[in-house]
Amino acid sequence: MTKDSERLLTTARGGKAKTGPFNNPLDFIAEDHMREREVCALIDKLVTASSTKSAERKMIVEFLTEQLPLHLADEEIDLFPMMLERCDPEEEIKELIEKLEADHGHALADAPAIAALIEVNKTSDTGFSEKACARMIDFAGHARRHLILENAIILPIARVRLTEDDLETMRNHMRERRLDHHKEKTK
Ligand SMILES: [Fe+2]
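Residues numbered from 1 in each chain as written. Predicted model: local features only at pLDDT ≥ 70, side-chain atom pairs only at ≥ 80, totals over all residues. Heavy atoms only, no water.

An unreviewed UniProt entry annotates the protein as Hemerythrin-like domain-containing protein originating from Actibacterium lipolyticum.

Structure follows, in structure tokens:
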């Protein structure tokens, strides 16, 4: 099981979790954002540094192929529709969410290719082609701009607008999503 799944399952388990830091699924999403920023910094390092640790490469690949798709699903299937339901039209959140969903489409399409590029070079320090570097820089740049919007606008509004029931539903879906993913992987 990945660390991510363990993290959610541990914190989502039983009444004790109610006092835990991830009782609120929005905190879990915020932590995913922090990890995504770390991964972007590692991608930058990969492009500019002459050598990187294989553990860092592994972390990037694992994030892009395992955690990112789950995170994007958390937002698209739960967070964004709940925001649309809870926010007033004059808050103009719809246009922003449409933009973020379009970003997600690009990220989902590009992440496997970026992971594959890194996977190929996983154990060597031969470096990347200019084209590969440009692609990785582009990916990290888009991800950062996307994160700024989600952290600065979406999450603060979500914390005010979403109800306790919304958060409970989101938490349950996030847990089910990770359990299903784990089952699928271990089939
Ligand atoms: Fe996000």
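Lay out the overall build of the protein with the relevant residues and their values.
Each helix and strand in the protein was counted, giving six helices and zero strands. Each helix and strand of the protein, placed in order from N terminus to C terminus, yields the pattern α-α-α-α-α-α. Sequence separation of 24 or more characterises 79% of the internal contacts of the protein that already satisfy a separation of 6 or more. (Helix = DSSP H or I, 4+ residues; strand = E, 2+ residues; numbered from the N terminus. Contact = heavy atoms within 4.5 Å.)

Pulling in residues and values, what's your account of the coordination of the iron ion?
Around the iron ion, the donor atoms from the protein are His-33 (NE2), His-71 (NE2), Glu-75 (OE), Glu-75 (OE) and Glu-150 (OE), and they sit 2.0 to 2.5 Å away. One chain supplies every donor for the iron ion, spaced along it as H-x37-H-x3-E-x74-E. Within this pair, whereas His-33 is found in helix H2 (residues 25–48), its partner Glu-75 is found in helix H3 (residues 54–86), the two being separated by 42 residues in sequence. The pair formed by His-33 and Glu-75 is uniform in burial state, with each residue classed as buried. (Donors = N, O, S within 2.8 Å, 3.2 Å for Na, K, Ca; no water. Buried < 20%, exposed > 50% of the residue type's maximum accessible area, 1.4 Å probe, protein only.)

Got a sec to walk through the pattern of salt bridges? Specific residues and values, please.
Under the counting rule described, the total for this entry stands at 14 salt bridges. Of the charged contacts in the structure, one is a salt bridge between Asp-88 and Arg-161, with a shortest N-O distance of 4.0 Å. Taken together, the residues Asp-88 in the loop between H3 and helix H4 (93–120) and Arg-161 in helix H5 (residues 130–161) connect sequence positions 73 residues apart. The class of Arg-161 is partly exposed, set by a relative accessible area of 29%. Between Asp-103 and Lys-99 there is a salt bridge, with its nearest N and O atoms 3.0 Å apart. Residue Asp-103 and its partner Lys-99 are both found in helix H4; the two are separated by four residues, about one turn of the helix. Accessibility expressed as a relative area gives 41% for Lys-99, which makes it partly exposed. Look at the salt bridges and you will find they share partners, linking Asp-74, Asp-78, Arg-177 and Arg-178 into a network. (Salt bridge = Lys/Arg side-chain N within 4 Å of Asp/Glu carboxyl O.)

Quick one: what's the story with the nonpolar core, residue by residue and with numbers?
Grouped together as the largest cluster of nonpolar side chains are 24 residues, with contacts concentrated most on Ile-60, Leu-64, Ile-118 and Met-136. Only H2, H3, H4 and H5 provide two or more residues apiece to this core. If we skip the residues at most four places from it in the chain, Ile-60 touches Val-39, Leu-42, Ile-43, Leu-46 and Ile-118. Counting 19 residues, the second-largest nonpolar core is a separate cluster that includes Ile-29, Met-83, Leu-155 and Met-174. (Core = buried A, V, L, I, M, F, W, Y, C linked by side-chain atoms within 4.5 Å.)

Give me the lowdown on empty space enclosed by the protein, citing residues and values where you can.
One pass over the full model with this rule turns up one cavity of 30 Å³ or more. Estimates place the volume of the largest cavity at around 30 Å³. Forming the walls of the largest cavity are Glu-36, Val-39, Cys-40, Ile-43, Phe-63, Leu-64, Phe-139 and Ala-143. A total of four residues in the lining of the largest cavity trace back to one element, the largest contributor, which is H2. (1 Å grid on protein atoms, 1.4 Å probe; cavity = no way out; pocket = protein on both sides within 12 Å on 5 of 7 lines; lining within 4 Å. Points joined across faces, edges and corners; volume = space filled by probe spheres on them.)

Pulling in residues and values, what's your account of helix H6 (residues 164–186)?
Every α-helical turn comprises 3.6 residues, leaving residues that sit three or four positions apart pointing alike. Its 23 residues place the ends of H6 33 Å apart at the C-alpha level, agreeing with the 33 Å of an ideal helix rising 1.5 Å per residue. Listing the buried residues of H6 in full gives Asp-166, Leu-167, Met-170, Arg-171, Met-174, Arg-177 and Arg-178. (Expected span 1.5 Å × (residues − 1).)

Help me get a handle on the side chain of Glu-56, residues and values and all.
Looking at where Glu-56 falls in the secondary structure, it is placed in helix H3. With relative accessibility at 16%, the residue Glu-56 sits in the buried group. Those residues in contact with Glu-56 that sit more than four places away from it in its chain are Leu-42 and Lys-45.

Describe the packing of H2 against H3, and please don't skip the residues or the numbers.
Running from N to C, H2 and H3 cross one another at 145 degrees; their axes reach a closest spacing of 10 Å. The crossing of H2 and H3 is left-handed. Residue-level inspection shows Leu-26, Ile-29, Asp-32, His-33, Arg-35, Glu-36, Glu-38, Val-39, Leu-42, Ile-43, Lys-45 and Leu-46 of H2 in contact with H3, the latter providing Glu-56, Arg-57, Met-59, Ile-60, Phe-63, Gln-67, Leu-68, His-71, Asp-74, Glu-75 and Leu-79. Across the contact of H2 with H3, the residue classes break down as eleven nonpolar, three polar and nine charged. (Axes fitted to C-alpha atoms, helices over the stretch in contact; angles between N-to-C directions. Left-handed = near helix turned anticlockwise from the far one by under 90°. Nonpolar A, V, L, I, M, F, W, Y, C, P; charged D, E, K, R; others polar.)

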